Amino acid sequence: MADDRMTFEATPTMDIETQDKVESAERAAENGNVGAALSRVDGPLKVTGQARYAADFAVPNPLYAHLVISTVGKGRITAIKDEAARKVKGVRAIYSHANKLDSGSAKFFAAGGQAQQSWEPFAEPDVRFYGETVGLVVAETILAAREAAAELSFDYETSDPAAVFGADGVERQDMPDKTITKGDFTSAFEAAPVKIASDYETAPNVHNAMELFATTAHWVGDKLTVYVPSQWVKGFQIGLAEELGIDEANIEIVCPFVGGGFGGKGSLFTWVSLIAAASRELGRPVKLYVTREQGFTTASFRAETRQRVRLGAGEDGRFQALEHAGEELTSRADNYFVNGQEATVRMYQADAIRTELATVHADRQTPGFMRAPAETPYFFGLESAVDEIARELSMDPVELRIKNDTMVDPVDGVPYTSRSLKECFRQGGEAFGWSDYTPEIGSMNEDEWLIGWGVATATYPTQMSPCTVRIHLDVTGEARLQVASHDVGTGAYTVLTQAVADELGIEPSKVRVELGDSRLPPGTIAGGSISTASNVSAIMIACERIRNRLGIEKGSDTDLAAAFDRFGQAGIEEYAEWTPPGAKKDAPKTLYNGKVKIVGGPEEDYTAFAFGAIFSEVRINKYTREIRVPRMTGAFAAGRIMNAKTAKSQYLGGMVWGIGHALHEVAEVDPRTGAYMNDNISEYLVPVNADVPNMDAIIVPEVDDKVNPAGVKGIGEIGIVGVAASIANAVHHATGKRLRRIPIRLDDLVDV
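In this report, we go over the structure that sits alongside the text. (Residues numbered from 1 in each chain as written. Predicted model: local features only at pLDDT ≥ 70, side-chain atom pairs only at ≥ 80, totals over all residues. Heavy atoms only, no water.)

Moving on, we get to the overall build of the chain. Check the secondary structure of the chain and you find 18 helices and 26 strands. In terms of overall size, the chain behaves like a compact globule, its C-alpha atoms giving a radius of gyration of 27 Å where 752 residues would be expected to give roughly 27 Å. Considering the chain as a whole, with its 752 residues, one finds that 62% of them fall into the buried category. Put simply, of all contacts in the chain between residues at least 6 apart along the chain, 81% involve residues at least 24 apart. Total accessible area on the chain is roughly 27,700 Å²; 47% of this is exposed by carbon and sulfur atoms. Across the chain, the centroid of the 75 positively charged side chains sits 3 Å from that of the 105 negatively charged ones. (Helix = DSSP H or I, 4+ residues; strand = E, 2+ residues; numbered from the N terminus. Rg over C-alpha atoms; globule rule 2.2 N^0.38 Å. Buried < 20%, exposed > 50% of the residue type's maximum accessible area, 1.4 Å probe, protein only. Contact = heavy atoms within 4.5 Å. Areas by Shrake-Rupley, 256 points an atom, 1.4 Å probe, with all protein chains shown as cover. Lys, Arg positive; Asp, Glu negative; His and termini not counted. Charge placed at Lys NZ, Arg CZ, Asp CG, Glu CD.)

This paragraph deals with the packing of aromatic side chains. Tallying each qualifying case throughout the model produces 32 aromatic pairs. The rings of Phe425, Phe432, Trp434, Tyr437, Trp453 and Phe615 are connected pair by pair, giving a single aromatic cluster. Its end group placed over the ring of Tyr416, Arg419 keeps NZ or CZ at 4.9 Å from the ring centre. (Phe/Tyr/Trp six-rings, centres within 6.5 Å; stacked < 30°, edge-to-face > 60°. Lys NZ or Arg CZ within 6 Å of the ring centre and 35° of its normal.)

Considering the arrangement of structural elements, one finds Glu478 in the loop between strand 19 (467–474) and strand 20 (479–482). If sequence neighbours within four positions are ignored, Glu478 has contacts with His472, Leu473 and Lys510.

Quick look at helix 17 (residues 644–663) now. An α-helical turn contains 3.6 residues, so any two residues separated by three or four positions project in the same direction. Along its 20 residues, helix 17 runs 29 Å from first to last C-alpha, staying within 8% of the 28 Å computed at 1.5 Å per residue. Where helix 17 begins, one side-chain oxygen reaches toward the backbone nitrogen of Lys645, 2.8 Å away; that side chain belongs to Asn643. (Expected span 1.5 Å × (residues − 1). Polar contact = N/O pair within 3.5 Å; in protein donor to acceptor, adjacent residues only side chain to side chain.)

Our focus in this paragraph is the sheet that holds strand 6 (residues 153–158). Read from one edge of the open sheet, 3 strands run 4-2-6, paired in antiparallel fashion. What marks the edges here is a single partner per strand, and that holds for strand 4 (126–127) and strand 6. In terms of strand pairing, strand 2 (residues 75–81) meets strand 4 through 2 bridges, oriented antiparallel. In the strand pairing of strand 4, Gly75 is matched with Val127. (Pairing = 2+ DSSP bridges.)

For the rest of this paragraph, the subject is the environment of Val206. With respect to the helices and strands, Val206 occurs in the loop between strand 9 (194–202) and strand 10 (214–220). A sequence separation of 95 residues divides Val206 from Phe301, and the C-alpha atoms of the two residues are 4.9 Å apart. If we skip the residues at most four places from it in the chain, Val206 touches Gly295, Phe296, Phe301, Met370, Glu665, Ala667 and Tyr684.

The next thing to look at is the pattern of salt bridges. Inspection of the entire model under this criterion finds 54 salt bridges. Arg480 is the partner of Glu514 in a salt bridge, and the nearest nitrogen-oxygen pair spans 3.7 Å. Of the two residues, Glu514 is situated in strand 21 (residues 511–514) and Arg480 in strand 20; the sequence distance between them amounts to 34 residues. Given a relative accessible area of 18%, Glu514 falls into the buried group. Among the salt bridges present, the one from Lys554 reaches Asp502, with a minimum N-O distance of 3.6 Å. Residue Lys554 is located in the loop between helix 14 (531–550) and helix 15 (560–567), and its partner Asp502 is located in helix 13 (residues 492–504); the two are separated by 52 residues in the primary sequence. The partly exposed category is assigned to Lys554, whose relative accessible area is 41%. One salt-bridge network, held together by shared partners, links Arg308, Arg310, Glu323, Arg354 and Glu356. (Salt bridge = Lys/Arg side-chain N within 4 Å of Asp/Glu carboxyl O.)

What follows is about the nonpolar core. Counting 89 residues, the largest nonpolar core has Phe319, Ile389, Met632, Ile659 and Ile727 as the members making the most contacts within it. Dropping the residues within four chain positions of it, Met632 is found in contact with Ile614, Phe615, Ser616, Met655, Ile659, Asn694, Met695, Asp696, Val723 and Ile727. If you look at the next biggest cluster of nonpolar residues, it comprises 47 residues, including Cys467, Val536, Ile539 and Ile546. (Core = buried A, V, L, I, M, F, W, Y, C linked by side-chain atoms within 4.5 Å.)

In this section: the side chain of Arg401. Along the chain, Arg401 turns up in helix 11 (residues 397–403). With sequence-adjacent residues up to four places away left out, Arg401 is seen in contact with Tyr348, Glu383, Val386, Asp387, Phe425, Val455, Ala456, Thr457 and Asn729.

A word on the sheet that holds strand 17 (residues 449–461). Strand order in this open sheet of 4 strands is 17-24-25-26, and the pairing throughout is mixed. Of all the strands in the sheet, the pair left with one neighbour each is strand 17 and strand 26 (695–699). Put simply, the sheet's adjacent strands are angled 15° from each other on average, direction ignored. For strand 17 and strand 24 (residues 609–621), the ladder comprises 13 bridges, and the chain directions are antiparallel. Within strand 24, the residue paired with Gly452 across the bridge is Val618. (Axes fitted to C-alpha atoms, helices over the stretch in contact; angles between N-to-C directions.)

Mapping Val290 onto the fold places it in the loop between strand 13 (286–289) and helix 8 (292–298). Sequence-wise, Val290 and Thr215 are 75 residues apart; in three dimensions their C-alpha atoms are separated by 8.4 Å. Filtering out sequence-adjacent residues up to four positions away, Val290 remains in contact with Leu67, Leu212, Phe213, Trp271, Gly295 and Thr298.

Take it as geometry only, folks, not as evidence of what the structure does.
As structure tokens, this is what we get:
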């Protein structure tokens, strides 16, 4: 190991001006303003059961629906056996392709639309994958609907599905337009004195949010109200209007709270138009509860990937060539992909760079967004490869990452708006005790436990979206913020409360925030870690206008009553639109059309990312091969922190999910049928409290004046990125076995 492996500790990470800004922000937080660890303003509603989720809204005299899903992986329905189902007491209707409901299909979200998939449910007798919705039963009670659904059966003409990588019949589609090249990779890789070439695999994952999927449709005349768990009420409204063929003004989507979204509730579900159409036809509200099992296939998922990383370095450790190629599984009809190499090749300096991407079309449902959709799988490949070449170089893996740090985008040569990766490694390493690391395999073992330490870089692009808000302030100092954005469990109600209070100089208790209703000014989709930056930037504009109209300055001890007296009115309201850097000036107008315009990450004139460092300790029992992660430390720099408590909670939550990604989560697909074999929460494994005994998330101060007016970077997704690689690297340190496929299970280590 090099003697100067920790010399980066002494490297200045902030100039005096930046340090002053950080200290000013910390003082403001201590005074209870933005940045303070304010407890969730919606906490009392949640712990007392008063927070209403989509399934909690009561409607008069409802009917109840139940989905029926296919039991073959590929085929065609030849007969419907519904006699027994129709005899169940209370059954009102049974729908399938034979008596298709009057609903259509909105445009696929990855093609600029809103829908989860590109094809219409019930449009034809063909079955595209195991678990596809083929029937809908509506009855007077939940039990009657479920009983009838169990009695409803279909005859199929079947053929063998091609549902997994390598199956006969899958179709590979190369994506040359997604290729990134810099320099001559082949020559640079061949000339590099130290190099590795490795293949990696990540497994399919399913969201399994605490809140199950549900939908209630209620018509009053020609007006439709839909209660549905959503990360994007405006998009749902526009897409549903297209599917039903009615004016969007006649639809209201309501979703004030979301019990976990993670991307799975960001696109319009296939069943929403079916429930709305059934309610219209039957003349009564209809409620649907999607079961946990059905949620595995009727909603989206994180697709499996196969990756190849080739990395070449000089004897000094500086990267000379980096190639990252990936294959991603998708459905037959939709070409969904995440292309995580777009981010991985921007993490370190490299003289020559190349990426490749291909999708593999199989007989499965269309994948979709899932927390850090691109970065989570692809950083497993990159950060494992960096650890592998560190071994080849006999160099400390932290030192190697620091040596290849860069303040300019290695692909485009434009500057980062800010990049505090070194400081993340310094603070994270100090807290974890990395100075005690000994690199030899098995050198830290203790009694019956094989002990390993691993490290990885975490990152997430700083993305933003156009946003509109409306703020009303009255003479009593009461303020109301309205925006059709969401709190998906991240604390949005709280941080937006703090933003308004800080900008208007009032107490947080005086602020009321209204979210999750399509009647409100359209906001961002609650995904991509874009909500806080976008919402707060729009809030700042509206609040500045209010202050200007009242003739008050931000931060001044102004008597609001006197200001309103001069103003001559008892209340004031401002609507504001915010356009992020790089977007067209009229971008906010597209929100009203149900479009999402996301900018950030790599842009023409700048590159914006949040950064972090993950340190993990694993312990593997010598006899049972039980794998534990007793300690993990993450250090993250993400610009201005709106709330220290909710931010740390998000970081920790992401790290917990990263443990699941590394050691637990896999949707086991039967290659013969395409069925998920563990489609329940007892066999689809996720981390529990016993799996995360000692975790710490460090908030590294950072000021970024360039990224957006609020100086905010996203924090919701970065916590999961890099965790799987840090654990796999720790497993190698403990055992000497390099595992390049996740999740890692104890049977992967039986021969150690």
